Amino acid sequence: MEKIRGFEVAKGFEDKEINLPVRKTKYSAGYDIEAAEDVVIPSFKKGIAPTIVKTGLKAYMQDDEVLMLYNRSSNPKKKGLIMANSVGVIDKDYYENPDNDGHFMFAFYNIKDEDITIKKGEAIGQAVFQKYFVVDGDVAEGERKGGFGSTNK
């Protein structure tokens, strides 16, 4: 079968019983993403860094596609979780990069007064594949040299 778009378990997570994402209903746009391990997200304090929640997943896609990571709609109200970057953008060339194999993660802040524990296998967000367009005269020719935050290196 030709690979067009999809999810795989990232290196280092092969023996961690990671579930590949699924859509829950026929008309859902998003694939439900689960936490790869238990993690505590501390209550927000000024100056605190976001907590990274590992998924154990990587994604492959076509040249003109991007994977967008979104929070679960229930997370802010029920758990006080908001994504630090609002929306995650996973580019095609992030897949199998040399730094982390393309492992994508969620960065959360907890706006509740108490720490929140996320359990392995708990749904933490959604992933949506989308087409994107480039402008006339686009000349992007750079190549990714690493993982998270490596575009300008």
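What comes next concerns the included structure. (Residues numbered from 1 in each chain as written. Predicted model: local features only at pLDDT ≥ 70, side-chain atom pairs only at ≥ 80, totals over all residues. Heavy atoms only, no water.)

Now for the overall build of the protein. Helix and strand content of the protein: one helix and 10 strands. Tracing the protein from N to C terminus, the helices and strands come up as β-β-β-β-β-α-β-β-β-β-β. By the compact-globule yardstick of 15 Å for 153 residues, the protein fits well, its C-alpha radius of gyration being 16 Å. Principal-axis analysis of the C-alpha atoms gives the protein an extent of 50 × 35 × 30 Å. The buried share among the 153 residues of the protein stands at 39%. (Helix = DSSP H or I, 4+ residues; strand = E, 2+ residues; numbered from the N terminus. Rg over C-alpha atoms; globule rule 2.2 N^0.38 Å. Buried < 20%, exposed > 50% of the residue type's maximum accessible area, 1.4 Å probe, protein only.)

Attention now moves to the sheet that holds strand E6 (residues 81-83). With respect to topology, four strands assemble into an open sheet ordered E1-E4-E8-E6, the strand pairing being antiparallel. Two strands bound the open sheet, and with one partner strand each, they are strand E1 (6-9) and E6. Strand-to-strand twist in this sheet, taken as the mean axis angle between neighbours without regard to direction, amounts to 45°. With four bridges joining them, E1 and strand E4 (residues 51-60) adopt antiparallel strand pairing. Residue pairing in the sheet places Val-9 in a bridge with Leu-57 of E4. (Pairing = 2+ DSSP bridges. Axes fitted to C-alpha atoms, helices over the stretch in contact; angles between N-to-C directions.)

In total, this model carries seven aromatic pairs according to the counting rule given. With 5.3 Å between their ring centres and 85° between their planes, Phe-44 and Tyr-109 make a pair best called edge-to-face. You can see Phe-44 sitting in the loop between strand E3 (39-41) and E4 and its partner Tyr-109 sitting in strand E8 (residues 104-110), a full 65 residues away along the chain. The exposure class of Phe-44 is partly exposed, given its relative accessible area of 42%. For the pair Tyr-60 and Tyr-95, a centre-to-centre distance of 5.9 Å together with 65° between the ring planes defines the contact as edge-to-face. Linking Tyr-60 in strand E4 with Tyr-95 in the loop between strand E7 (88-91) and E8, this pair joins segments that are 35 residues apart in sequence. (Phe/Tyr/Trp six-rings, centres within 6.5 Å; stacked < 30°, edge-to-face > 60°.)

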